[in-house]
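# Per-entry structural report
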Amino acid sequence: MILSTVRALERDFYGRDAGGLARELLGKLLLCDGVGGRIVEVEAYGGADDPGSHAFRGRTRRNASMFGPPGHLYVYFIYGVHWCANVVCGAEGVPGAVLVRALAPTHGVDAMRRRRARARRERDLCSGPARLCQALAIDGSHDGADLVGGHAGVRLFDDGTAPPARPRRGPRIGLAAGAERPWRWYVAGDSNLSRPG
DNA sequence: CCGCCGATCTTT
DNA sequence: AAGATCGGCGGG
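In this report, we go over the structure that sits alongside the text. Keep in mind the model is a prediction, meaning the values are calculated, not measured.

## Some thoughts on the protein's contact with DNA strand C
Inspection of the region around DNA strand C gives 21 residues, with His82, Asn86, Arg116, Arg118 and Arg131 positioned closest. Of what DNA strand C places within 4 Å of the protein, 52% of the atoms are sugar or phosphate. Interatomic distance of 2.7 Å between a side-chain N/O atom of histidine 82 and a base oxygen of DNA strand C. Looking at the surface near DNA strand C, the elements with two or more residues in it are strand E4 (73-78), strand E5 (82-88), strand E6 (97-107) and helix H3 (129-136). Ranked by residues supplied to the surface near DNA strand C, first place goes to H3 with 3 residues. Partitioning the surface near DNA strand C into residue classes produces 11 nonpolar, 6 polar and 4 charged.

## Describing H3
Along H3, 6 of the 8 residues are buried, which leaves the element largely enclosed by surrounding structure. Regarding H3, the residues found buried are Pro129, Ala130, Leu132, Cys133, Ala135 and Leu136. The inward-facing, buried residues of H3 contact strand E2 (29-32), strand E3 (35-45), E5, E6 and helix H2 (109-115). Looking one or two places after H3, you find alanine 137, whose phi comes out positive at around 60°.

## As for the nonpolar core
One recurring pattern in soluble globular proteins: nonpolar side chains tend to sit buried together. Tyr14, Leu25, Leu30, Ile39, Leu136 and Leu156 are the most contacted members of the largest nonpolar core, which has 37 residues in total. Ignoring anything within four residues of it in the chain, the contact list for isoleucine 39 reads Leu25, Leu26, Gly27, Lys28, Leu30, Val100, Ala102, Leu103 and Leu156.

## Describing the state of the cysteines
For the structure on display, the rule yields 0 disulfides. Free cysteine: cysteine 32, not disulfide-bonded; nearest cysteine sulfur from cysteine 133 at 9.2 Å. Overall, cysteine 32 belongs to the buried group, its relative accessible area being 2%. For the unlinked cysteine cysteine 133, the closest cysteine sulfur is that of cysteine 84, found at 5.9 Å. By relative accessible area, which is 2% here, cysteine 133 ends up buried.

Criteria and cut-off values
Residues numbered from 1 in each chain as written. Chains lettered and ligands numbered in written order. Predicted model: local features only at pLDDT ≥ 70, side-chain atom pairs only at ≥ 80, totals over all residues. Heavy atoms only, no water. Near = heavy atom within 4 Å. Polar contact = N/O pair within 3.5 Å; in protein donor to acceptor, adjacent residues only side chain to side chain. Helix = DSSP H or I, 4+ residues; strand = E, 2+ residues; numbered from the N terminus. Nonpolar A, V, L, I, M, F, W, Y, C, P; charged D, E, K, R; others polar. Buried < 20%, exposed > 50% of the residue type's maximum accessible area, 1.4 Å probe, protein only. Contact = heavy atoms within 4.5 Å. Core = buried A, V, L, I, M, F, W, Y, C linked by side-chain atoms within 4.5 Å. Disulfide = S-S within 2.5 Å.

Spelled out as structure tokens, the structure:
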């Protein structure tokens, strides 16, 4: 019998570019204060070369975390309503991040249901970038949080589950500019995706 | 199931 | 004015 080992990810895991990190993040566990799940859908975002990225036109107050060191969170507020969370990657000073778009709930489902009372089914808890932030209680206070230190309660773990050998890939969702780039990766057939696939 | 619409913050 | 979204509502 093989005992599964759960370990927090080290800084160098985050040093690669957004596309590479995106694929490596599939299957990892994202937890905030012990509540969260397995990443099943992500999107990669670059910098000045990516018209779909918040960093395309340079640094602003909102996107500053995208320019910071890898292994931290970039949490932004959108449509005046929702929070969304990204994992910052690449070298410090070079903007890049991976948007976490969906989780398969694994830890603290009761807490998630309380925070998302309008979610009828378990697959409605974390099936979208703003939904999962609500379920995990991630908000602006977590912008810039260090995932490696984990001091803000947010951490990524590897429990031995390998990323899918052939993740499905397609255009990023909700973009006008840069929509042609197939930088969304997801676990084929997972019931928690932000849209079926 | 689908499409429309409002929520109202950030940046342009 | 539009945006890396969501949920409620109306219609088929």
